[in-house]
Structures are given as structure tokens and as C-alpha cells.
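Report on the structure
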Amino acid sequence: QARAGVVATYTIYAPATGAGHLLNQSSVYATARASASGVGAGIASIGQFFISGPVYDLRIIYLKFDTSSIPSGAVIASATLNGKITSNSLNGTILVRGFNWGTTLTTADWIGTTSANSALLAFLNPIFLPAGRYDFIDIAMGAYITKGGTTYVALVDYFIEQNDPSHLGTATFALDDLGAA
């Protein structure tokens, strides 16, 4: 039985129920950035880099979390993306964007759509993310979490969003869940 003036606090962890990445490759940066050529399953890497050729390879990560167990009247004080960085050579900031990509990730969800139709929830300097670190993005996104539904986010390299090919690097993630308290 709760005492007067005491508010119950609960923490939930919503596992990533869907994840994917969009990518494009071209020897011309503007072409690689213009549209996505492929949809990859699972979580891969974020960023832009050269592969043999030389060919630019650009990647954005998309995640969705089942947040249906959060009651509609709940007040969310904080949220954290929890996971592991398996490698990191990014030179730019990671932008965490609230972007509802729906039930199926398609090439139409590429950078122009993601950036123009999303809220910036957090940004993160990858210098502070050594490989192996967990609980790596604290997000002031309580208002963005969909209570009783699904919450969607995209991880975008700042330099891809700014159309800047001069900063190359990637980070690879294994994301576990979204924690909300």
C-alpha cells in the first residue's frame, strides 16, 4: 500500500523488436547519399566509409521497440538505449532521431525522409563510446515514447545528414533494449 505523497516508480525494458539498416554504395558521394539501394536486416553499422573501388558506403540504423506495456497515463522521466558497440571509428556526432518508419523499413525511408520528418531526440559524440560500452545513450525522450504502442528511432551520422563526404568512419552496434523509467 502506497503512502500519501509517494509515487511508485517502475522501470521497463523494451527489447528491440525490429531493426534494420539502409545503405547505398556509389563511387560518387552525391549518388550514394541520394537514395538507398538496399535494406539490411538486423543491426549493422552507422556512418560512411570507403570500400574497395573506391566506393562510398553510407549506412543508417533504424530501430523499433515494443512499448505497449507502458500505461497511457505513465510519466516517463528518462530513457536509455542499452547495447554494445562492437567497433567505432566515427568522426562525427551520432544523431538519435524519433522517426516512425512503420511496420516495414523500405528504401523510401532514406536520409531525406528521416531527417525532414523526425525529431532530434539526442546527439552523441562517438569519442566517448569505446567498443564494449553499454547503456550508451541517455535520451530525454519521455514525450516521444509511444505509450501502449511501438516506439521508433533512427541513428544517423551527422556528416551524412550534412552532406559532407570529408569525414569518414563507422560504428557497429548490438543494441539490446530501450529502458524507460
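Residues numbered from 1 in each chain as written. Predicted model: local features only at pLDDT ≥ 70, side-chain atom pairs only at ≥ 80, totals over all residues. Heavy atoms only, no water.

Another point: the environment of Ile111. Following the sequence through the fold, Ile111 ends up in helix α2 (residues 111–116). As a C-alpha pair, Ile111 and Ser35 span 76 residues in sequence and 7.6 Å in three-dimensional space. Excluding its chain neighbours within four sequence positions, the residues that come into contact with Ile111 are Arg33, Ile60, Tyr62, Val156, Ile160 and Glu161. (Helix = DSSP H or I, 4+ residues; strand = E, 2+ residues; numbered from the N terminus. Contact = heavy atoms within 4.5 Å.)

Counting through the fold element by element, Gln48 comes out in strand β3 (residues 45–51). A polar side-chain atom of Gln48 sits 2.8 Å from the main-chain carbonyl oxygen of Asp164. Those residues in contact with Gln48 that sit more than four places away from it in its chain are Tyr29, Asp57, Leu58, Asp157, Phe159, Ile160, Asp164, Pro165, His167, Leu168, Gly169 and Thr170. (Polar contact = N/O pair within 3.5 Å; in protein donor to acceptor, adjacent residues only side chain to side chain.)

The biggest cluster of nonpolar side chains holds 18 residues, and the ones touching the most others in it are Leu58, Tyr62 and Trp110. Listing elements by their share of this core, those giving two or more residues are α1 (29–34), β4 (55–67) and β9 (149–157). Considering every element that reaches this core, the biggest residue donor is β4, with four residues. Excluding its chain neighbours within four sequence positions, the residues that come into contact with Leu58 are Leu22, Leu23, Asn24, Tyr29, Ala32, Arg33, Gly47, Gln48, Trp110 and Ile160. Core analysis: the next-biggest nonpolar cluster, separate from the first, contains 16 residues, Ile61, Val96, Ala122 and Leu124 among them. (Core = buried A, V, L, I, M, F, W, Y, C linked by side-chain atoms within 4.5 Å. Buried < 20%, exposed > 50% of the residue type's maximum accessible area, 1.4 Å probe, protein only.)

For the structure shown, the criterion picks out six aromatic pairs. Taken together, a centroid distance of 5.1 Å and an interplanar angle of 75 degrees make the contact between Tyr29 and Tyr56 edge-to-face. Linking Tyr29 in helix α1 with Tyr56 in strand β4, this pair joins segments that are 27 residues apart in sequence. The class for Tyr29 is buried, based on a relative accessible area of 8%. With a relative accessible area of 14%, Tyr56 lands in the buried category. (Phe/Tyr/Trp six-rings, centres within 6.5 Å; stacked < 30°, edge-to-face > 60°.)

All right, on to the environment of Ala77 then. Looking at the secondary structure, you find Ala77 in the loop between β4 and β5 (79–88). Measuring from C-alpha to C-alpha, the distance between Ala77 and Ala143 comes to 9.1 Å, with 66 residues separating the pair along the chain.

Per-residue confidence for the protein gives a mean pLDDT of 76; residues scoring 70 or more make up 73%. When mean pLDDT is taken per element in the protein, α1 scores highest with 89 and strand β8 (residues 137–139) scores lowest with 62. For the stretch residues 1–8, pLDDT sits under 50, and the model shows zero contacts to residues farther than four places along the chain or on other chains. (pLDDT = per-residue confidence, 0-100.)

Attention shifts here to unusual backbone geometry. Both trends apply: most residues other than glycine have a negative phi, and most peptide bonds are in trans. For Asn163, which is not glycine, the phi torsion reads 60 degrees and is therefore positive. With respect to the element layout, Asn163 can be found in the loop between α3 (158–161) and β10 (169–180). Asn163 sits in the partly exposed class, given a relative accessible area of 43%.

Two strands pair when backbone bridges link them, and β3 and β4 are joined in this way by five bridges, in the antiparallel orientation. Note on β4: the bridge partner recorded for Ile51 is Val55. Connecting β3 to the antiparallel partner β4 that follows it, the hairpin turn spans three residues, and Gly53 within it adopts a positive phi of roughly 145 degrees. (Pairing = 2+ DSSP bridges.)

Now for the pattern of salt bridges. The full count for this structure, using the stated rule, is two salt bridges. For Asp57, the salt bridge identified is with Arg59, shortest N-O distance 2.8 Å. When its relative accessible area of 1% is taken as the criterion, Asp57 is described as buried. For Arg59, a relative accessible area of 15% gives the class buried. Two residues, Glu161 and Arg97, come together in a salt bridge whose shortest N-O distance is 2.9 Å. Of this pair, Glu161 sits in helix α3 while Arg97 sits in strand β6 (residues 94–98), and the two are 64 residues apart along the sequence. Here Glu161 matches Arg97 in class, with each residue buried. (Salt bridge = Lys/Arg side-chain N within 4 Å of Asp/Glu carboxyl O.)

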